[in-house]
Amino acid sequence: MIRPHYSKDVAEARESGAPLVALESTIITHGMPWPQNLEVAQQVEAEIRAHGATPATIAVLDGTLHVGLDPAQLETLAKTADAAKLSRADLAVCMAEGRTGATTVAATMIAAHLAGIDVFATGGIGGVHQGAEQSFDISADLAELAQTPVTVVCAGAKAILDLAKTLEVLETNGVPVIAYGQDHFPAFWSATSSLPAPLRMDDPAMMARAHLMRGALGLAGGQLIANPIPRKAEIPSEIITPLIAQANHEAKIQGMTGKAVTPFLLSRLFELTEGRSLKANIALVLNNARLAANIAREITDQRKSTTP
Ligand code: PSU
Ligand code: MN
């Protein structure tokens, strides 16, 4: 197996068995505009450190798979306007060709697992797009959750997706979807939705226990933790719903397909909501970073206490 390049911090944490939290980089290159993308990436890393874990931002730089970026590398990536978007299908090709790319949820899970990292924090996952019955557009993130044993903390999924179908596909593929502290599935901008969450947990220690239990059962695949956006940062649905409809309509009439669809919708929503979506995004990503750090610490502690 290939050995990724570890940053100094990540290498030290791995050696001492300290808790680590993986972070994706597509949110930096294709999810937020410069320079807020860099500021948010730095804040998320700081939040994970403040909660007792080491952040490991994952990306491919000039063909090398990096697990943990130093501050200069993070800044370079945030400024790379033409970075590729790497999902499972693209990762090996980008590395073979010596190019630079940012990892999606799917590719970040692959790299995290390779590095022995159990927990990964992000904003929103990819899912089943609206109109998927025509377009067949279903994110590779869902298949990855079904096969790679990493616990992914997100704020649910954006309503650019069909949330009900997304939950159905996750259920079909045996992915536990666990809402944190509430009975309903959170919907990224909104703390709740009309959809009941398949599972609920109120304690990060139990999420850690379930993660270890899946491993002990030899089950492939990860867990999806759906952590609601803090209430004070929510965007009311009467504001966001028509803008999502507009963005989806524009994607359709412009003939967007494949991996271009999600980045197009994300950047249109940033434009359409102006500052508001960015503020909400920052609040929810930081909230996810905190929960992920707590789960990672619990996993480390529970492993120690059961290893003789
Ligand atoms: N949804 C968001 N923000 C994001 C993404 C999705 O709300 O940044 C990014 C993530 O990297 C996710 C990817 O893994 O888009 C999914 O892309 P696709 O739908 O093409 O699989
Ligand atoms: Mn897609």
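Here's what I pulled together on the structure shown here. (Residues numbered from 1 in each chain as written. Chains lettered and ligands numbered in written order. Predicted model: local features only at pLDDT ≥ 70, side-chain atom pairs only at ≥ 80, totals over all residues. Heavy atoms only, no water.)

Regarding the site of ligand 1
Selection criterion: Any residue with a non-hydrogen atom lying within 4 Å of a molecule or strand is treated as near it. Any pair of nitrogen or oxygen atoms within 3.5 Å is treated as a polar contact; in protein, a donor-acceptor pairing is required on top of that, and neighbouring residues in sequence qualify only through side-chain atoms on both sides. We get accessible surface area from the Shrake-Rupley algorithm with a probe of 1.4 Å; when it comes to residues, only the shown protein chains can shield them. Buriedness of a pocket was judged along seven lines, with at least five required to meet protein on both sides within 12 Å; pockets are open sets of points on a 1 Å grid over the protein atoms alone, cavities are sets where a 1.4 Å probe fits but cannot get out, and lining residues have an atom within 4 Å of a point. Molecule-in-pocket calls rest on the fraction of atoms, with more than half required to lie within 2 Å of the cavity or pocket grid points. In the scheme used here, Gly and all other residues not listed as nonpolar or charged are polar, with Ala, Val, Leu, Ile, Met, Phe, Trp, Tyr, Cys and Pro taken as nonpolar and Asp, Glu, Lys and Arg as charged.
Around ligand 1, a shell composed of 16 residues is seen, among which Glu24, Lys85, Ser139, Lys158 and Thr262 lie nearest. Lys85 is positioned with one of its side-chain polar atoms (N or O) 2.6 Å from an oxygen atom of ligand 1. Side-chain polar atom of Asp141 to an oxygen atom of ligand 1: 2.7 Å apart, as the coordinates give it. Contact with the protein chains removes 94% of the 470 Å² of surface that ligand 1 exposes when unbound. Of the pockets mapped on this structure, ligand 1 occupies the largest pocket. Among the residues making up the shell around ligand 1, the classes are represented as five nonpolar, seven polar and four charged.

Some points on the pairing of strand β4 (residues 64-67)
Rules: Strands are treated as partners if at least two bridges between them are detected by DSSP. Here a strand is any run of E in DSSP of at least two residues, a helix any run of H or I of at least four, and the numbering for each starts at the N terminus.
Where strand β1 (residues 5-6) lies against β4, two bridges are found, and the strand directions are parallel. When the sheet's bridge partners are listed, Tyr6 is paired in β4 with Val67. Strand direction decides the pairing type here: strand β3 (residues 54-61) and β4, joined by four bridges, are antiparallel. Each residue of the ladder has a partner; that of Val60, found in β4, is Leu65. Once β3 ends, the chain turns through two residues before running back antiparallel as β4, passing Asp62 with a positive phi of about 45 degrees.

Comments concerning the packing of helix α10 (residues 204-217) against helix α13 (residues 275-306)
Any two packed helices are characterised by how steeply their axes cross, that is the angle between the axes, and by the distance between the axes. We count it as follows: In this analysis an axis means a line fitted to C-alpha atoms, helices contributing only their contacting stretch, and an angle means the value between N-to-C directions, from 0 to 180 degrees. Note on angle classes: values under 35 degrees are labelled roughly parallel, values over 145 roughly antiparallel, values of 65 to 115 roughly perpendicular, and the remainder oblique. Put simply, a crossing is left-handed when the front helix is turned counterclockwise from the back one by less than a right angle, and right-handed when it is turned clockwise. The contact definition used throughout considers only heavy atoms, calling two residues in contact when any of these lie within 4.5 Å.
Orientation of α10 relative to α13, taken along the N-to-C sense of each, is 55 degrees, at an axis distance of 8 Å. In terms of axis orientation, α10 runs oblique to α13. With respect to the hand of their crossing, α10 and α13 are arranged in right-handed fashion. Facing Pro204, Ala205, Met207, Ala208, Arg209, His211 and Leu212 of α10, the residues of α13 in contact are Leu291, Asn294, Ile295, Glu298, Ile299, Gln302 and Arg303. For the contact of α10 with α13, the residue count by class is eight nonpolar, three polar and three charged.

Concerning the layout of surface pockets
To be explicit about the condition: Grid points are joined across faces, edges and corners, and a volume is the space filled by probe spheres set on the points.
As a volume, the largest pocket reaches approximately 1000 Å³. For the largest pocket, the lining is made up of 49 residues, of which His129, Asp137, Gly258, Val261 and Thr262 are closest to its centre. When residues of the lining of the largest pocket are traced back to their parent elements, those giving at least two are α2 (26-29), α7 (132-135), α8 (140-147), α11 (237-253) and α12 (261-273). Of the residues in the lining of the largest pocket, the class split is 18 nonpolar, 22 polar and nine charged.

Here we look at empty space enclosed by the protein
By the definition in use, this model includes one cavity of 30 Å³ or more. Considering only enclosed or pocket space, the largest cavity measures out at about 120 Å³ in volume. Lining the largest cavity are 13 residues, with Glu24, Ile27, Ala41, Val44 and Val285 sitting closest to its centre. Listing elements by their share of the lining of the largest cavity, those giving two or more residues are α2 and α3 (36-50). Among the elements that line the lining of the largest cavity, the one with the most residues is α3, at four residues. Looking at the lining of the largest cavity residue by residue, the class counts come to nine nonpolar, three polar and one charged.

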